[in-house]
Amino acid sequence: MGRPWDRLFLCGCGCLAYSLPMNNNPPAVTYNQRFEDNVRRFPERAAFRLKAPGGYRQVTYSEVSRQARGIAFGLLARGLERGMRVAILSENRPEWVITYLGIYLAGGTVVPLDAQISPEEWRRLLDDSESEFVFVSGSLMEKLRPALAGTALERNLVCFDETEDSGILGEFSAFIEQAHSLEAPPEMPGSRLSDVVVIIYTSGTTGKPKGVMLTQANIVASITSSLEAIQVNDTDSFLCLLPLQHVFASVVNFLLPIYVGATVTFVDTLKRSEILEALEEGKISILATVPQFFYLFRRRIEEELAKKPGIVRRIFRFLMRLNRLLINGFRLNLGKAFFGKIHRTFGSNLRMFVSGGSAFDPRVAQDFYDLGFTILQGYGLTETTGGCTITRIRGNVVGSVGTALPGSAIRIESPDEAGVGEVLVRGPVVMAGYYKNEAATAEVMRDDWFCTGDLGRLDPGGNLVITGRKKEVIVLPSGKNIYPDEIEAHYGQSTFIKEVAVIGVADPDSPEQGERLHGIVVPDFDVLKERKIANTREVLRDEIGAWSSRLPSYKRLMSYQIQKEDLPRTTTRKIKRLELKKLFESGQLRESEASGAGKGLKAEDAEFMSSAAAQAVVACLRETYGREETILPDMNLELDLGFDSMERVEFLASLEQSLGITLPEDFAAEIHTVRELIAGLEEEVKNPTGGSGQDRRSWSMILSPEALRQEGDWHVRFAGPAVSAFKFLGLKALWLIARVLLGLEARGKDNLPKAGSYLICPNHLSFIDPFVVICVLPFRVFRRLFFVGYSEFFQTWYMKLFARMANVIPVDPDVHLLRAMKVGAWGLRDGRILCIFPEGGRSFDGNLMEFRKGAAILAREVNVPMVPVGIHGAYQVWARNSRRIRLHKVKVVFGPPVFPSPSEEDVDLYQRDTDLLRDAVRALL
């Protein structure tokens, strides 16, 4: 039995609730008083430290007090009265916090503004809040001044940095010194817990921004209840990474640390290396951040682990499971002993992460838990002063956001059969209301309960599990409820996806049946460039398919589109899904318009586009590829201009001919935009890496016998008749095993041409596909057969040996697509038979995927047929992303050859042949 209040109960109104003892007696000490006590206790301790390129700049508690009082004196001397609003617009820095504290001391109300929104939005919020003064950083003042033209605020500015602008109140340091030089400093007003000390504007995911009014009582209650739940004291050191205008960041990253007398370190960079340095140099013990931080580091860990031998990976996973067992069963955490290198990455003093701001994928949280890290997850909104629940160090339920903070209560209203309903919050952390918006306040308050608009459920221990937003639930035709946060967190684990939004859209084939899941995906172009991958669409197709296979079918994306720009978000970084849905339904959300077609060139872009290389690019795009729109430097070759990986090769070959250069084979792998293309071409013109260019403006020229002969020695060697016969005997032994275990059966072998070169084109279901195909082939075919394989699979000694045995030529098609095509053409022209999987990868669900054009291009340009092959049952034997191998009947069916179709003007012949091949394979299935 636990404490009597640690239980679930049904309220009389039909609501599931979990309650902790209500703290009806508000704290007697105000935040101002606590701050002044700490100044007296720790006058020389560093309150704030800023990591800059030149080293650290630190401000002690006594200096913070002096500067904050100077801010207060200066504002009071200029007529600030209790409750008047003062805005802060700046990036994170000590001056931001000092100003915030100074406004507190002066009895004013802080209005923190988001540095990422537009100047027009700043003006609207300043007008709505009726702010009297603005403290602004030098980097933002130039953008702010025009927005304030003609207003009283135009002169009531204080700049944190040096400025030559004489039309403002002055610079930060001068403002403070002038205030301290007053002969009769104004009297400080007494602080009261009932005072509204901050108005934070939040728009949620829809509607106009609302000003959330928080009192000193709200702030102090949030801090004191958090301190009851977690151990924090004056010896701790915090690293501040999150924008301070958000309530979670401000409470956890400076209001709470200053309340206990701790030290806060700021960094003025988002570089990973700088952050890791600050963690060690600042002896950081607590880091509050958002889930994306952990996703990025988990990717790094997975990438490093993938480079290790298989035995190392298995030991690593075993140690993770063992550590979980030790923590759960014996409260013994050996994470630092098992994974010391990973722990040292975050500094030698780090003892706790605090995650908030958005949903945290439970699988990622579990991985860090197994590695031995302490991650506390909190939940709350601006209206609840940041946090109203938090997980505890002991009894941390991964996947939940913990139990209610002391003094607060959580209730689930109208729970469904799964216990999911709207989350309601009551307690001293709930806001005083929306500024000048009584109607909006009344809409979210119900008998002292704040209606969050979030959906969640409570487990038997009172731990809250958030499932999504009430307004954003997607109801499928089956009646199942889908919560976008969960789906986004799943697909967001992909290395190649920067962010993704999931919306419900009507099925165009049967709109009356309900909605389907549609994804709006933003690729991580930095990762793609680092991996030398240019074919974004193909990679994302594979990635989305791979991650879909790990979900129940009803939770999978049924369609998706790719966007270049970041997704629209609120000031609290929540995705505006409803806005995206409206744009999609109105037809305004289209991939091809991400670059702003029809816009004119900026002056600097016009100059960039005036070079010879740029003119050659524009001329080729217009004359050869019919791109009539204005060509902008930041257009993406694939997403904006529509080049697939095959067309890109032709495009670059045309530019080679036009500029008289020869580009490196991997040139295309690092080129995503027109700007990058032009810069790369100009570098090649200045510092050529090859001989003179040749007329290779089409695949027929690129793959012609003359062009292939000029490539020289291909370094490709096939086995002679004796070795081939020996290998064939080994394959027959493999065939016998497959015949017994899998019932392997082959039909239609008579359709294989008796002579000449051709392509064998099977569907691709499993790793076993190449084996089942080659072991049923007659010797006359096998001895001439070869593959062009993905080099990533042939890194180990045994896979290299297999490549030699199976006549596999390893090539990376992402980096060296041109070479892969040339190798295929060379082998075919040499009388060989090429086995190629037109889908480009294994199926994710056993169904036929789209075919790539490579087989059709080779067939047409070398003038050879394609033999369609249907493989049945291999997916059931060994499915993609599965480690389990099952016994199941496998059948291989060879169809009649497909010949290149007759030439016809204004028709994409490669695509038509690709479609014919896919239809032929589908018929065999």
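Residues numbered from 1 in each chain as written. Predicted model: local features only at pLDDT ≥ 70, side-chain atom pairs only at ≥ 80, totals over all residues. Heavy atoms only, no water.

Student: When you look at the overall build of the chain in this model, what are you seeing that I'm missing?
Tutor: The secondary structure content of the chain amounts to 33 helices and 36 strands. A total of 925 residues make up the chain; the buried ones form 55% of that total. A separation of at least 24 residues holds for 69% of the contacts in the chain among residues at least 6 apart in sequence. On the chain, roughly 40800 Å² of surface is accessible, and the fraction owed to carbon and sulfur atoms is 52%. (Helix = DSSP H or I, 4+ residues; strand = E, 2+ residues; numbered from the N terminus. Buried < 20%, exposed > 50% of the residue type's maximum accessible area, 1.4 Å probe, protein only. Contact = heavy atoms within 4.5 Å. Areas by Shrake-Rupley, 256 points an atom, 1.4 Å probe, with all protein chains shown as cover.)

Student: For this particular structure, what's the right way to read the nonpolar core?
Tutor: Most often, soluble globular proteins have nonpolar side chains that are buried together. Counting residues in hydrophobic clusters, the biggest one holds 91 residues, and the most contacted among them are Tyr 31, Phe 48, Leu 75, Tyr 100 and Leu 255. Counting residues per element, this core draws most heavily on helix α8 (residues 247–260), which supplies eleven residues. Look past the residues within four positions of Tyr 31 in its chain and what remains in contact with it is Leu 101, Tyr 104, Gln 216, Ile 219, Val 220, Ile 223, Phe 254, Leu 255, Ile 258 and Tyr 259. (Core = buried A, V, L, I, M, F, W, Y, C linked by side-chain atoms within 4.5 Å.)

Student: Teacher, can you tell me more about the environment of Leu 371 here?
Tutor: Note that Leu 371 resides in the loop between α14 (362–370) and β16 (375–379). For Leu 371 and Asn 323, which are 48 residues apart along the polypeptide, the C-alpha to C-alpha distance reads 7.2 Å. Look past the residues within four positions of Leu 371 in its chain and what remains in contact with it is Ile 301, Phe 316, Met 320, Asn 323, Gly 335, Phe 339, Ile 342 and His 343.

Student: Looking at this structure, how should I read the pairing of β16?
Tutor: Regular strands place their side chains on alternate faces of the sheet. For β16, the tally of buried residues reaches four of five residues, placing the bulk of the element in the interior. Taken together, the three bridges between strand β15 (residues 352–355) and β16 define a ladder with parallel strand orientation. Pairing of Val 354 across the sheet is with Leu 376, part of β16. What joins β15 to β16 is α14, and the crossover it makes is right-handed. By the bridge criterion, two bridges tie β16 to strand β17 (residues 389–390) in an arrangement that is antiparallel. Across the sheet, the residue bridging to Gly 378 is Ile 390, located in β17. (Pairing = 2+ DSSP bridges. Right-handed = clockwise from strand over helix to strand, strands pointing away.)

Student: Before we go on, may I ask you to explain a positive patch on the surface in this structure?
Tutor: Positive charge collects at one region of the surface, where Arg 313, Arg 314, Arg 321 and Arg 883 lie side by side. When you line up the elements, Arg 313 lands in helix α11 (residues 310–330). Overall, Arg 313 belongs to the partly exposed group, its relative accessible area being 34%. (Patch = residues over 30% accessible without salt bridge, like charges linked within 9 Å, V, L, I, M, F, W, Y side chains within 5 Å. Salt bridge = Lys/Arg side-chain N within 4 Å of Asp/Glu carboxyl O. Lys, Arg positive; Asp, Glu negative; His and termini not counted. Charge placed at Lys NZ, Arg CZ, Asp CG, Glu CD.)

Purely geometric numbers; function is a separate question.
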